[in-house]
Amino acid sequence: RLEPDLRPARRGWASWLLSPAPLGLAAAVVALVVGAFFAGRALSPAPTPSQAATAAVMEQIRERILLSDLGEHLDRSQMALVELVSADADGIVDIASERSRAEQLVADSRLYRQTAEATGDVQLSELLDDIERVLIEVAASPQSGSSRDLADVRRRIESRDLLFKVRVVSSEIRERQKVSNQRQAGPRS
């Protein structure tokens, strides 16, 4: 008579999860994962002195390449700005070559500006942003425009003292290159 009442009642999945066996299994898996994580961190090899030296040399090489490329970019930007400022402005002006050069320099300028922002070089970032704005304006202008359009570009260049700023930052980049080259040559001698 009591046997039908003694059969275990069917329970749902929630009651199965809350039973002691699955909870113990889940706790064991979590403990293994956490243990493996900390064991991996503790057993990972520390960088050797030669690996640290190699990383330092690679960083110096990376810096030298960046400074060299940035110096070239500033020189090309300076040439483009000088050509815009000194262009003949009588009637209709053909700035096709300046426009083409500006298009090429805009993409490079963005990359260098983003790098300067990432490294925290605010002065360089602001200069590259100013140059980029002028270059975008020139790149977006028609191939032949009025002398008034060219005069607007000149005013923008002159009002922000872009040529002067480019020359100053360019000389600072050259000095940083010299220091970097001396640092690189120092350990070898």
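Quick notes on the rules
- Residues numbered from 1 in each chain as written.
- Predicted model: local features only at pLDDT ≥ 70, side-chain atom pairs only at ≥ 80, totals over all residues.
- Heavy atoms only, no water.
- Helix = DSSP H or I, 4+ residues; strand = E, 2+ residues; numbered from the N terminus.
- Buried < 20%, exposed > 50% of the residue type's maximum accessible area, 1.4 Å probe, protein only.
- Contact = heavy atoms within 4.5 Å.
- Areas by Shrake-Rupley, 256 points an atom, 1.4 Å probe, with all protein chains shown as cover.
- Phe/Tyr/Trp six-rings, centres within 6.5 Å; stacked < 30°, edge-to-face > 60°.
- Expected span 1.5 Å × (residues − 1).

K.L.:
Help me understand the overall build of the protein in this model?
P.N.:
When helices and strands are tallied, the protein shows 8 helices and 2 strands. Sequence-ordered secondary structure for the protein, helices as α and strands as β, is α-α-α-α-β-α-α-β-α-α. Classification of the 189 residues of the protein by burial places 25% in the buried group. Within the protein, counting contacts between residues at least 6 apart in sequence, those at least 24 apart form 82% of the total. By element, 58% of the accessible surface of the protein is carried by carbon and sulfur atoms, the whole surface being about 13,200 Å².

K.L.:
Would you take a moment to explain the environment of Ala140 for this structure?
P.N.:
Tracing the backbone through its elements, the reader meets Ala140 in helix H6 (residues 122–140). Put simply, Ala140 and Glu103 are 37 residues apart on the chain and 8.4 Å apart in space, counted from C-alpha to C-alpha.

K.L.:
Would you mind going over the packing of aromatic side chains with me for this structure?
P.N.:
In total, this model carries 1 aromatic pair according to the counting rule given. With centroids separated by 5.3 Å and ring planes inclined at 70 degrees, the aromatic side chains of Phe37 and Phe38 adopt a geometry described as edge-to-face. Given a relative accessible area of 48%, Phe37 falls into the partly exposed group.

K.L.:
Hey, could you run me through H6 in this one?
P.N.:
In this model H6 runs 27 Å from its N-terminal to its C-terminal C-alpha over 19 residues, within 8% of the 27 Å that 1.5 Å per residue would give. All of the buried residues along H6 are Leu124, Ser125, Leu127, Leu128, Asp130, Ile131, Glu132, Val134, Leu135, Val138 and Ala139. Its buried side turned inward, H6 meets helix H4 (49–86), helix H5 (96–119), helix H7 (147–159) and helix H8 (162–185).

Interpretation note: all reported values are geometric properties and have no functional meaning in isolation.
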